[in-house]
Amino acid sequence: RTREPAPGLRALEPAVAEDLAATISDAIDDLEAEPDARRAVIAAYARMEAVLGRNGFQRIPSETAIEYLRRILLGLTSRGDAVTRLTALFERAKFSRNEIDGAMKQEAIGALRAIRNDLPGAPA
């Protein structure tokens, strides 16, 4: 069962939206520069969890990493398709031995861009 998005997240303070948008931009830069697609996708997730945690959006102890990211991001953006793609890629990168190729890395970059561009109050 999927958790519902956290209530009230869409009313992010502008400073939090800017911090998250900047972190997503940094994660995109890292994804583009990192030749190991698996490492890049996992690092992008870690950056996002860190920025969300320092802004008061911690993971609930009973949540998996995927449930957490999906809950928070769905509460921040209307881009459910991008959130679904990003969390599926992270899950595959982190928890499977299946190959993570360049196309998947580009898919993660596209999902991150869509989420960043849809953040309320984030700079364009």
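This report concerns the structure included in the present document. This is a predicted model, so every value here is computed, not measured.

## Notes on helix H1 (residues 14-33)
A rise of 1.5 Å per residue sets the reference length of H1, with its 20 residues, at 28 Å; its end C-alpha atoms lie 28 Å apart and thus fit the reference within 8%. Those residues of H1 not exposed but buried are Val 16, Ala 17, Leu 20, Ala 21, Thr 23, Ile 24, Ala 27, Ile 28 and Leu 31. Taken end-on, H1 shows its buried residues confined to a sector of 165 degrees, consistent with a single buried face. What points out from H1, more than 90 degrees from its buried face, is the exposed set Pro 14, Ala 15 and Ala 33. Here the buried face of H1 lies against helix H2 (37-54), helix H3 (65-76) and helix H5 (102-118).

## Description of the packing of aromatic side chains
For the structure shown, the criterion picks out two aromatic pairs. When the centroid spacing of 4.0 Å and the interplanar angle of 20 degrees are considered together, the rings of Tyr 45 and Phe 90 count as stacked. In this pair, Tyr 45 is assigned in helix H2 and Phe 90 in helix H4 (residues 80-95), connecting sequence segments 45 residues apart. Grouping residues by exposure puts Tyr 45 and Phe 90 together as buried. With 6.1 Å between their ring centres and 85 degrees between their planes, Phe 90 and Phe 95 make a pair best called edge-to-face. Of the residues examined, Phe 90 reaches a relative accessible area of 2% and is grouped as buried. One aromatic cluster in this structure is built from Tyr 45, Phe 90 and Phe 95.

## Brief notes about the environment of Ala 111
As for its placement among the helices and strands, Ala 111 is situated in helix H5. Each C-alpha atom of the pair Ala 111 and Arg 85 lies 6.7 Å from the other, and the pair is 26 residues apart in sequence. The residues contacting Ala 111, other than those within four sequence positions of it, are Ala 82, Arg 85 and Leu 86.

## Quick notes on H3
The end-to-end C-alpha distance of H3, which contains 12 residues, comes to 17 Å, matching closely the 16 Å that a straight helix rising 1.5 Å per residue would cover. With nine of its 12 residues buried, H3 lies for the most part within the structure. Check the buried side of H3 and you find it contacts H1, H2, H4 and H5.

## Section: the environment of Ile 100
Tracing the backbone shows Ile 100 in the loop between H4 and H5. Given a relative accessible area of 10%, Ile 100 falls into the buried group. Residues Ile 100 and Arg 38, 62 residues apart in the sequence, show an inter-C-alpha distance of 5.5 Å. Leave out the neighbours within four places in its chain, and Ile 100 touches Ala 37, Arg 38, Val 41, Arg 92 and Ala 93.

## Re the nonpolar core
In this structure, Ile 24, Leu 31, Val 41, Leu 52, Leu 73, Leu 86 and Leu 112 are the most contacted members of the largest nonpolar core, which totals 38 residues. Going through the elements one at a time, H1, H2, H3, H4 and H5 are the ones with two or more residues in this core. Sorting elements by how many residues they give to this core places H2 first, with eight residues. Not counting the four nearest positions on each side in its chain, Leu 31 is found in contact with Ala 40, Val 41, Ala 44, Lys 105, Ala 108, Ile 109 and Leu 112.

Parameters at a glance
Residues numbered from 1 in each chain as written. Predicted model: local features only at pLDDT ≥ 70, side-chain atom pairs only at ≥ 80, totals over all residues. Heavy atoms only, no water. Helix = DSSP H or I, 4+ residues; strand = E, 2+ residues; numbered from the N terminus. Expected span 1.5 Å × (residues − 1). Buried < 20%, exposed > 50% of the residue type's maximum accessible area, 1.4 Å probe, protein only. Arc of directions from axis to C-beta. Contact = heavy atoms within 4.5 Å. Phe/Tyr/Trp six-rings, centres within 6.5 Å; stacked < 30°, edge-to-face > 60°. Core = buried A, V, L, I, M, F, W, Y, C linked by side-chain atoms within 4.5 Å.

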